[in-house]
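# Commentary on secondary and tertiary structure
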Amino acid sequence: MSARNEVRIVLAGAGAVPHESRFAHTDVDGDRLLISTAVMPGNVPGIYFRTDPNGSSVLLADLPRLIAQLQVIADAAQAEADEAGESR
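It should be emphasised that the depicted structure is a prediction, and the values quoted were computed from it without experimental measurement. (Residues numbered from 1 in each chain as written. Predicted model: local features only at pLDDT ≥ 70, side-chain atom pairs only at ≥ 80, totals over all residues. Heavy atoms only, no water.)

### Considering the overall build of the protein
Along its length, the protein carries one helix and three strands. Along the protein, helices (α) and strands (β) appear in the sequence β-β-β-α when read from the amino end. Pairs at least 24 residues apart make up 51% of the contacts formed inside the protein by residues separated by at least 6 positions. When the accessible surface of the protein is split by element, carbon and sulfur atoms take 56% of a total near 6600 Å². (Helix = DSSP H or I, 4+ residues; strand = E, 2+ residues; numbered from the N terminus. Contact = heavy atoms within 4.5 Å. Areas by Shrake-Rupley, 256 points an atom, 1.4 Å probe, with all protein chains shown as cover.)

### Quick word on a nonpolar patch on the surface
Judged by side-chain polarity, Leu60, Leu63 and Ile67 come together as a nonpolar surface patch covering roughly 310 Å² of accessible area. In this structure, Leu60 sits in the loop between β3 (44-51) and α1 (63-86). A relative accessible area of 71% places Leu60 in the exposed class. (Patch = residues over 30% accessible without salt bridge, like charges linked within 9 Å, V, L, I, M, F, W, Y side chains within 5 Å. Salt bridge = Lys/Arg side-chain N within 4 Å of Asp/Glu carboxyl O. Buried < 20%, exposed > 50% of the residue type's maximum accessible area, 1.4 Å probe, protein only.)

### Structural notes on the nonpolar core
Listed in full, the five residues of the largest apolar core are Phe23, Leu33, Ile35, Leu66 and Ile73. Contributions of two or more residues to this core are made by β2 (32-40) and α1. Those residues in contact with Phe23 that sit more than four places away from it in its chain are Leu33, Leu34, Ile35, Arg65, Leu66, Gln69 and Ile73. (Core = buried A, V, L, I, M, F, W, Y, C linked by side-chain atoms within 4.5 Å.)

### Observations regarding the sheet that holds β3
With antiparallel pairing, the three strands of this open sheet are ordered in space as β1-β2-β3. Edge positions in the open sheet fall to β1 (23-26) and β3, since each of these has one partner strand only. For this sheet, the mean inter-axis angle between neighbouring strands, taken without regard to orientation, is 20 degrees. Bridge analysis of β1 against β2 gives four bridges, and the strand direction is antiparallel. Looking at the pairing, Ala24 lines up with Leu34 of β2. (Pairing = 2+ DSSP bridges. Axes fitted to C-alpha atoms, helices over the stretch in contact; angles between N-to-C directions.)

### Structural notes on the confidence of the model for the protein
In this model, the protein carries an average pLDDT of 80, and 76% of its residues clear a pLDDT of 70 or more. With pLDDT under 50 throughout, residues 7-15 is counted as low confidence; its partners more than four residues away or in other chains account for six contacts. (pLDDT = per-residue confidence, 0-100.)

### Topic: the environment of Gly30
With respect to the secondary-structure elements, Gly30 resides in the loop between β1 and β2. Looking at Gly30, the relative accessible area reads 39%, which means it is partly exposed. As a C-alpha pair, Gly30 and Asp52 span 22 residues in sequence and 9.3 Å in three-dimensional space.

### Quick word on the pairing of β1
Burial along β1 is one-sided: Phe23 and His25 are buried, while Ala24 and Thr26, pointing the other way, are not. What sits between the antiparallel neighbours β1 and β2 is a turn of five residues, in which Gly30 has the positive phi angle 95 degrees.

See below:
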């Protein structure tokens, strides 16, 4: 029996910067939503949105939590952009 090596590379989505402030959600039929920080060219802060091809629904009852988390994500994106600018 011969040994087999496998290399896997996982790339973050374009513009996405993984951050613990992210909002990850799965709706009632399994569609996923991810909202995270993004740092655009020139260290401009942004917010990254990704869903499954069918999109993802958020219950109105969960909207206050989503809105609050958007501000946390925005603050984190600004901090990441500021840090990236300082490291140049």
